[in-house]
Amino acid sequence: MTIQNISKLLFSFSFLFFFSGLKSQEKFPDGTAIPKWFKENKPTDINTLGKKYIITENGMKNDSTILQTKKLQEIINLAAKNGGGVIIIPKGTFLISSVFFKQGTHLYLEKGAKLKGSDDINDFPVMTTRMEGQTVKYFPALINADGLDGFTISGKGTLDGNGLRFWKSFWKRREWNPKCTNMDEMRPRIIYISNSKNVQIEGITVKNSPFWSTHYYKSQFVKLLNLTILAPKAPVKAPSTDAIDIDACSNFLVKNCYMSVNDDAIALKGGKGPKADVDPNNGENRNIIIEDNTFGFCHSALTCGSESIHNYNIIFRNSTVKDASRLLHLKMRPDTPQHYEYITLDNIKGNVKTFLYVKGWNQFFDLKGEEAPKRRLANDIVLKNIDIDCETAFSVEASDLYELKDFTFENLKIRALKPEEQNLKAIKNLKQTKVNITKVASLSQTYDKKDDSDIAAK
């Protein structure tokens with residue numbers, strides 16, 4: 001065989017190998033390749049992150065009754081001044097309000113370690129932050145990181161928001177004034193990450209948040225791995241304790257997490273109001289993968305809204321849902337321009353109250369003197385390879401205020417007390433392949449006749 005023929009043969013093999021690799025590479029719903037970053041998931045190695053600052057060796061006491069925010073902030077500042085390092089929380093309970101991590105600093109919670117939030121709002125400052133699709137003066141979270149590159153939280157310990165007193169106050173205020181908003185009753189979050197990149201939060205438990213559990217704003221390349229996020233629905237409901245709020249972020253991975261909260265498990269945010277799409281404080285969510293998770297009780301496993309303007313290339317897959325009120329909820333706000341597109345749910349099993357829920361969302365509607373926005377659209381939504389029991393299959397409402405089109409249902413096995421297939425007429429160009437919807441007389445799972453997630457839709 002000549003050298004020329006060998007060269008051609010090697011070129012052919014190389015081309016076939018390259019083509020095969022391209023063909024097998026995973027794609028986002030819009031057809032673009034999923035970057036390797038989403039698959040390259042390694043545990044945080046705190047031994048590579050600089051000096052270790054064990055808080056009990058730097059002036060803090062294992063005492064859940066003494067507020068030690070100031071001392072913890074001093075340790076963070078010291079680590080930052082010395083070039084960075086890891087703040088180590090050893091076994092024990094330490095009471096704090098808001099602390100702010102600096103570039104090069106990290107948080108590690110040992111097994112049995114707990115940072116517990118103060119339940120006195122007077123211990124928290126008021127500052128400019130992001131809440132409910134607005135940049136406003138409000139309360140920061142327990143753990144805050146802004147403008148950081150490479151920030152990590154890891155370990156086997158717990159961030160406990162100590163929310164019971166806040167929850168009781170909220171419901172008492174709502175009883176006195178049914179129109180009070182979430183932000184009228186003052187309460188902090190647990191984690192707030194903003195304007196940051198290359199963030200990894202891994203292994204810890206986040207529970208009992210007074211408000212949203214974890215919130216990520218205008219950040220990119222964020223990984224949430226092996227987290228447990230909890231907030232109760234009884235005996236006192238923990239209001240608006242969303243597990244994960246993704247707010248104007250890109251390249252975001254949620255993997256191997258367990259979430260059970262008294263609101264949405266994962267909510268895609270981004271802004272609200274008639275001019276939300278031109279406000280530089282707002283933004284879209286793009287290239288989000290949510291996979292290999294388990295969902296306990298929650299209002300929706302995945303929600304677009306209620307403050308959301310553009311969600312693009314969203315994958316929710318390989319997960320189990322147990323006792324959620326909804327699997328997918330598209331909140332269509334009549335006072336906000338919205339576009340939800342290229343969203344795929346794939347390989348889901350379990351039980352939900354409602355499989356697909358799409359209706360107008362009028363909570364605290366406010367046009368602010370402007371004309372109603374003309375663009376509210378959901379398109380290229382794919383639901384496939386799903387095996388699920390539910391009370392209602394399709395709670396989909398036709399409306400002149402928004403458009404639903406180009407949905408695909410493929411390989412669905414749905415057992416429902418109320419199939420409600422007639423509601424699918426609200427979707428233009430609906431494609432269905434191997435869709436099996438069975439009406440059943442009863443389910444092993446029972447649901448509240450009305451949960452508090454229904455209130456806001458009215």
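Model, not experiment: these values are computed from the prediction. (Residues numbered from 1 in each chain as written. Predicted model: local features only at pLDDT ≥ 70, side-chain atom pairs only at ≥ 80, totals over all residues. Heavy atoms only, no water.)

**Notes on the overall build of the protein**
Thinking step 1. Helix and strand counts for the protein come out as three helices and 30 strands.
Thinking step 2. Compactness check: the protein gives a C-alpha radius of gyration of 23 Å against a globular reference of 23 Å for 458 residues, within 12% of the reference.
Thinking step 3. Principal-axis analysis of the C-alpha atoms gives the protein an extent of 80 × 65 × 50 Å.
Thinking step 4. Counting across all 458 residues of the protein, residues that qualify as buried make up 55%.
Thinking step 5. Restricting the contact set of the protein to residue pairs at least 6 apart, pairs at least 24 apart contribute 76%.
Thinking step 6. Split by element, the accessible area of the protein, about 20000 Å² in all, is 50% carbon and sulfur. (Helix = DSSP H or I, 4+ residues; strand = E, 2+ residues; numbered from the N terminus. Rg over C-alpha atoms; globule rule 2.2 N^0.38 Å. Buried < 20%, exposed > 50% of the residue type's maximum accessible area, 1.4 Å probe, protein only. Contact = heavy atoms within 4.5 Å. Areas by Shrake-Rupley, 256 points an atom, 1.4 Å probe, with all protein chains shown as cover.)

**A look at the packing of aromatic side chains**
Thinking step 1. Counted under the stated rule, the structure contains 13 aromatic pairs.
Thinking step 2. Sitting over the ring of Y192, R189 keeps its end group 4.4 Å from the ring centre. (Phe/Tyr/Trp six-rings, centres within 6.5 Å; stacked < 30°, edge-to-face > 60°. Lys NZ or Arg CZ within 6 Å of the ring centre and 35° of its normal.)

**Some thoughts on the pairing of strand β7 (residues 113–117)**
The side chains of a regular strand alternate, first on one face of the sheet and then on the other.
Thinking step 1. The side-chain alternation of β7 yields one buried face, formed by A113, L115 and G117, and one unburied face, formed by K114 and K116.
Thinking step 2. As paired elements, strand β4 (residues 92–96) and β7 share five bridges and run parallel to each other. Residue pairing for β7: G92 is matched across the bridge by A113. (Pairing = 2+ DSSP bridges.)

**A word on the side chain of D335**
Thinking step 1. Assignment of secondary structure puts D335 in the loop between β26 (310–332) and β27 (338–360).
Thinking step 2. A polar atom in the side chain of D335 sits 2.9 Å from the side chain of R333. (Polar contact = N/O pair within 3.5 Å; in protein donor to acceptor, adjacent residues only side chain to side chain.)

**Focus: the side chain of N313**
Thinking step 1. Inspection of the secondary structure puts N313 in strand β26.
Thinking step 2. Take N313: its relative accessible area is 1%, and that puts it in the buried class.
Thinking step 3. At 3.1 Å, the side chain of N313 forms a polar contact with the backbone nitrogen of D30.
Thinking step 4. The contact partners of N313, leaving out residues within four places of it in the chain, are F28, P29, D30, T32, R286, N287, I288, E341 and Y342.

**Notes on helix α3 (residues 164–176)**
Thinking step 1. Here α3 is 13 residues long and its end C-alpha atoms lie 19 Å apart, about the 18 Å a rise of 1.5 Å per residue gives.
Thinking step 2. Along α3, the residues that are buried comprise F166, W167, F170 and R174. In an axial view of α3, the angular spread of the buried residues amounts to 100°, which keeps them on one side of the axis. Seen from the open side of α3, the exposed residues pointing more than 90 degrees away from its buried face are K172, E175 and W176. (Expected span 1.5 Å × (residues − 1). Arc of directions from axis to C-beta.)

**A word on the environment of N47**
Thinking step 1. Mapped onto the secondary structure, N47 falls in the loop between α1 (3–24) and β1 (51–54).
Thinking step 2. Since its relative accessible area comes to 58%, N47 is described here as exposed.
Thinking step 3. Expressed as a C-alpha distance, the spacing of N47 and F94, which sit 47 residues apart in the sequence, is 24 Å.
Thinking step 4. Polar side-chain contacts of N47 include one of 2.7 Å to the side chain of K52.

**A look at the pattern of salt bridges**
Thinking step 1. All told, the structure shown has 19 salt bridges when counted by the stated rule.
Thinking step 2. Across the pair E74 and K71 runs a salt bridge whose closest N-O atoms are separated by 3.4 Å. Of the two residues, E74 and K71 both sit in helix α2 (residues 69–81), three residues apart, roughly one turn of that helix.
Thinking step 3. Judged by relative accessible area, E74 falls into the partly exposed class, the value being 36%.
Thinking step 4. When the shortest N-O distance is used, the salt bridge between K428 and E403 registers 3.5 Å. Of this pair, K428 sits in the loop between β29 (403–418) and β30 (431–439) while E403 is found in strand β29, placing the two residues 25 residues apart along the sequence.
Thinking step 5. Connected through shared salt-bridge partners, E26, K39, K255, E291, D292 and R317 make up one network. (Salt bridge = Lys/Arg side-chain N within 4 Å of Asp/Glu carboxyl O.)

**Observations concerning α2**
Thinking step 1. Under the 1.5 Å per step criterion, the end-to-end length of α2 is 18 Å for 13 residues, consistent within 8% with the ideal 18 Å.
Thinking step 2. Those residues of α2 that sit buried are T69, L72, Q73, I75, I76 and A79. Angular distribution of buried residues about the axis of α2 spans 155°; they occupy a single face of the element. Opposite the packed face of α2, turned more than 90 degrees from it, sit the exposed residues K70 and K81.
Thinking step 3. Count one or two residues on from α2 and you reach G83, which has phi positive near 100°.

**Description of the nonpolar core**
Thinking step 1. Of all hydrophobic cores here, the largest spans 104 residues; its most connected members are I87, I143, I191, L327 and F355.
Thinking step 2. Among the elements that take part in this core, strand β28 (residues 376–396) stands out by supplying nine residues, more than any other.
Thinking step 3. Those residues within four positions of I191 in sequence are excluded, and the remaining contacts are A141, I143, I153, L159, I201, I204, V206, S213, T214, H215 and Y216.
Thinking step 4. Counting eight residues, the second largest nonpolar core, distinct from the first, contains F28, F38, L225 and I315. (Core = buried A, V, L, I, M, F, W, Y, C linked by side-chain atoms within 4.5 Å.)

**Side note on unusual backbone geometry**
Thinking step 1. Here the residue pair A234 and P235 is connected by a cis peptide bond, since its omega of 0° sits within 30 degrees of zero.
Thinking step 2. Residue S306 follows G305 across a cis peptide bond; omega there is 5°.
Thinking step 3. By secondary structure assignment, the location of S306 is in the loop between β25 (298–304) and β26.
Thinking step 4. Within the chain, E420 stands out as a residue other than glycine whose phi angle is a positive 50°.

**Notes on the confidence of the model for the protein**
Thinking step 1. Taken as a whole, the protein shows an average pLDDT of 92; of its residues, 92% reach a score of 70 or greater.
Thinking step 2. Across residues 9–23 the pLDDT falls below 50, and counting only partners more than four positions away or on other chains, this stretch makes one contact in the model.
Thinking step 3. A low-confidence stretch, residues 454–458 stays under pLDDT 50, and its non-local contacts, those more than four residues away or across chains, total 11 contacts. (pLDDT = per-residue confidence, 0-100.)

**Notes on the pairing of strand β3 (residues 85–89)**
Thinking step 1. Among the five residues in β3, five count as buried, and that is most of the element.
Thinking step 2. When β1 meets β3, the two strands line up parallel, connected through four bridges. In the sheet register, K51 faces β3, and the bridge partner there is G85.

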